[in-house]
Protein chains: 2
Amino acid sequence: MRRDVFQAIADPTRRAIITLIALQAMTPNALAEHFDTSRQAVSKHLKILTECELVEQTHQGREIYYQLNVNKMKEVDKWLEQFRKIWEKRFNQLDNVLANLKNKK
Amino acid sequence: MRRDVFQAIADPTRRAIITLIALQAMTPNALAEHFDTSRQAVSKHLKILTECELVEQTHQGREIYYQLNVNKMKEVDKWLEQFRKIWEKRFNQLDNVLANLKNKK
DNA sequence: TATATGTGCAACCTTTTGGTTGCGCAAGTT
DNA sequence: AACTTGCGCAACCAAAAGGTTGCACATATA
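Since the structure is predicted, the reported quantities are computational estimates derived from the model, not experimental observations.

> An account of the overall build of chain A is requested, with residue identities and associated values reported.
A count of helices and strands for chain A gives 5 helices and 2 strands. Listed by position from the N terminus, the elements making up chain A come as α-α-α-α-β-β-α. If you line up chain A on its principal axes, its C-alpha atoms span 70 × 30 × 20 Å. A total of about 6,800 Å² of accessible surface is found on chain A, and carbon and sulfur atoms cover 49% of it. The averaged location of the 13 negative side-chain charges in chain A is 7 Å from the averaged location of its 18 positive side-chain charges.

Now the structure itself:
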């Protein structure tokens, strides 16, 4: 199933999962301990995250370690780029204003 | 109503609206022309975007101009910061590998 | 004043979301 | 071989999302 990264990071639990596995790979059971939901619910979140390729699996015996595919997060970063340009423009404009004030002094 | 920025940018239509009004303030009618939905549907999206403070209104006669509050987008940028750190770390590690290869040559 | 225009809101409907429980099954453990 | 553990999947459910249409109500315009 084709999934959207933005839709995947919309849920706060999923964002927390992402933050956790960014540091180190974790199993569904280990993850579930951090939340007030069932293991199956966490498993569903992991499925969604896997489908949009934000997360990858590593099988180890009967355990499955989930880890973050940090590169996929760049899609969000890329979308933000257009707004970053605006911040910078605003910032430079402010800079000019300050420079003008200085000159007038 | 308290709204989440991440939930707000999850919808593709809303992201398109944001991109449009990032360039210049627009009315709901003008926006609706860009999409294959009713004006009321666009209005609903604008309401959600306004509730989470991603968008601001300017009343002008009977028209309402909506514009982006670009600062709010920094919340997303701030969340991405943790992953940017990882990118940079990986990049530096790759850099070290390349440097080592060079030295061995 | 009568009419046209721009807008938000409410009611309604279908699909999606996020959770639950119950199950099956492979992989370890006794 | 029997039991325990880790996991995914399916069925089910309530709530939320995203769309529609109809309406009310200001604000132009004739």
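Additional details are given in the paragraphs that follow.
> Help me get a handle on a nonpolar patch on the surface, residues and values and all.
All names here are of chain A. On the surface, Phe91, Leu94, Val97, Leu98 and Leu101 cluster together to form a nonpolar patch covering roughly 500 Å² of accessible area. As for its placement among the helices and strands, phenylalanine 91 is situated in helix α5 (residues 74–104). For phenylalanine 91, a relative accessible area of 53% puts it in the exposed group.

> Describe the protein's contact with DNA strand D, and please don't skip the residues or the numbers.
In the vicinity of DNA strand D lie 24 residues, with A:Ser43, A:Tyr66, B:Ser38, B:Lys44 and B:His45 positioned nearest. A share of 56% of the atoms of DNA strand D within 4 Å of the protein falls on sugar and phosphate groups. At 2.2 Å from a phosphate oxygen of DNA strand D is found a side-chain nitrogen or oxygen belonging to A:Tyr66. Contact distances for DNA strand D include 2.9 Å between a base oxygen and a side-chain N or O atom of B:Gln40. Broken down by secondary-structure element, the contributors of at least two residues to the surface near DNA strand D are α3 (28–32), α4 (39–51) and β2 (63–68) of chain A together with α4 (39–51) of chain B.

> With reference to specific residues and values, describe the relation of the copies chain B and chain A.
After a rotation of 180 degrees and a shift along the axis of 0.0 Å, chain B superposes on chain A with an RMSD of 0.0 Å. The symmetry that links the two subunits is that of a two-fold axis. Among all C-alpha atoms of chain B, that of B:Ala10 lies closest to the rotation axis, at 2.9 Å. When you check the interface residues of chain B against chain A, 100% turn up at the interface there too, and the contact is symmetric in its surfaces.

> Tell me about the side chain of A:Arg14, and please be specific about residues and values.
Residues and elements named next belong to chain A. Looking at the secondary structure, you find arginine 14 in helix α2 (residues 12–23). Here arginine 14 is buried and forms no salt bridge, its nearest opposite-charge partner aspartate 11 lying at an N-O distance of 4.7 Å. Only 2.7 Å separates the side chain of arginine 14 from the backbone oxygen of alanine 8, close enough to count as a polar contact. In contact with arginine 14, not counting residues within four places along its chain, are Gln7, Ala8, His45, Ile48 and Leu49.

> If you had to explain the protein's contact with DNA strand C to someone new, which residues and values would you point to?
Taken together, 22 residues are adjacent to DNA strand C, and A:Ser38, A:Lys44, A:His45, B:Ser43 and B:Tyr66 come closest. Backbone atoms, meaning sugar and phosphate, form 58% of the atoms of DNA strand C found within 4 Å of the protein. Contacts to DNA strand C include A:Asp11, whose side-chain N or O atom sits 3.3 Å from a phosphate oxygen. Within the contact set of DNA strand C, a base oxygen lies 3.0 Å away from a side-chain nitrogen or oxygen of A:Gln40. Of all the secondary structure elements, the ones that give two or more residues to the surface near DNA strand C are α4 of chain A together with α3 (28–32), α4 and β2 (63–68) of chain B. Grouping the amino acids of the surface near DNA strand C by side-chain chemistry returns 4 nonpolar, 10 polar and 8 charged.

> Break down α2(A) for me, citing the residues and quoting the values.
For α2(A), with 12 residues, the first-to-last C-alpha span of 18 Å sits near the 16 Å given by 1.5 Å per residue. At the N-terminal end of α2(A), a side-chain oxygen is found 2.9 Å from the backbone nitrogen of A:Thr13, two or three residues along, and the residue is A:Asp11.

Scoring rules and cut-offs
- In every chain, residue numbers begin from 1 and rise along the written sequence.
- Key to labels: chains lettered from A, ligands numbered from 1, both in the order written.
- Only residues with pLDDT of at least 70 are given local features in this predicted model, and only at 80 or more are side-chain atom pairs given and counted; all residues enter the totals for whole chains, interfaces and linings.
- Just so you know, side-chain values use all the structure's heavy atoms and leave hydrogens and water out.
- A run of H or I in DSSP counts as a helix once it spans at least four residues, and a run of E counts as a strand once it spans at least two, with each numbered from the N terminus.
- To measure how exposed things are, a 1.4 Å probe is used in the Shrake-Rupley method; for residues, cover is taken only from the protein chains shown.
- All tallies of charge rest on Lys and Arg as positive and Asp and Glu as negative; His and the ends of each chain are not included.
- In plain terms, the charge of a residue is placed at NZ if it is Lys, CZ if Arg, CG if Asp and CD if Glu.
- Surface patches are defined over residues having more than 30% relative accessible area and no salt bridge, joining like charges when they lie within 9 Å and nonpolar side chains (Val, Leu, Ile, Met, Phe, Trp, Tyr) when within 5 Å.
- A pair is scored as a salt bridge if a Lys or Arg side-chain nitrogen falls within 4 Å of a carboxyl oxygen belonging to Asp or Glu.
- Only protein chains enter the accessibility calculation, which uses a 1.4 Å probe. A residue is then buried if its area is under 20% of the maximum for its type, exposed if over 50%, and partly exposed in between.
- Near, as used in this document, describes a residue that has one of its heavy atoms within 4 Å of the molecule or strand being considered.
- Polar contacts, as used here, are pairs of N or O atoms within 3.5 Å; protein pairs need one atom able to donate a hydrogen and one able to accept it. Residues neighboring in sequence count only if both atoms are side-chain atoms.
- A least-squares superposition brings the copies together, and it is based on the C-alpha atoms of residues with pLDDT no lower than 70 in both.
- Should any heavy atoms of two residues lie within 4.5 Å, those residues are counted as being in contact.
- Throughout, the ten residues Ala, Val, Leu, Ile, Met, Phe, Trp, Tyr, Cys and Pro are labelled nonpolar, Asp, Glu, Lys and Arg are labelled charged, and all others, Gly among them, are labelled polar.
- By this rule the span expected of a helix is its residue count minus one, scaled by 1.5 Å.

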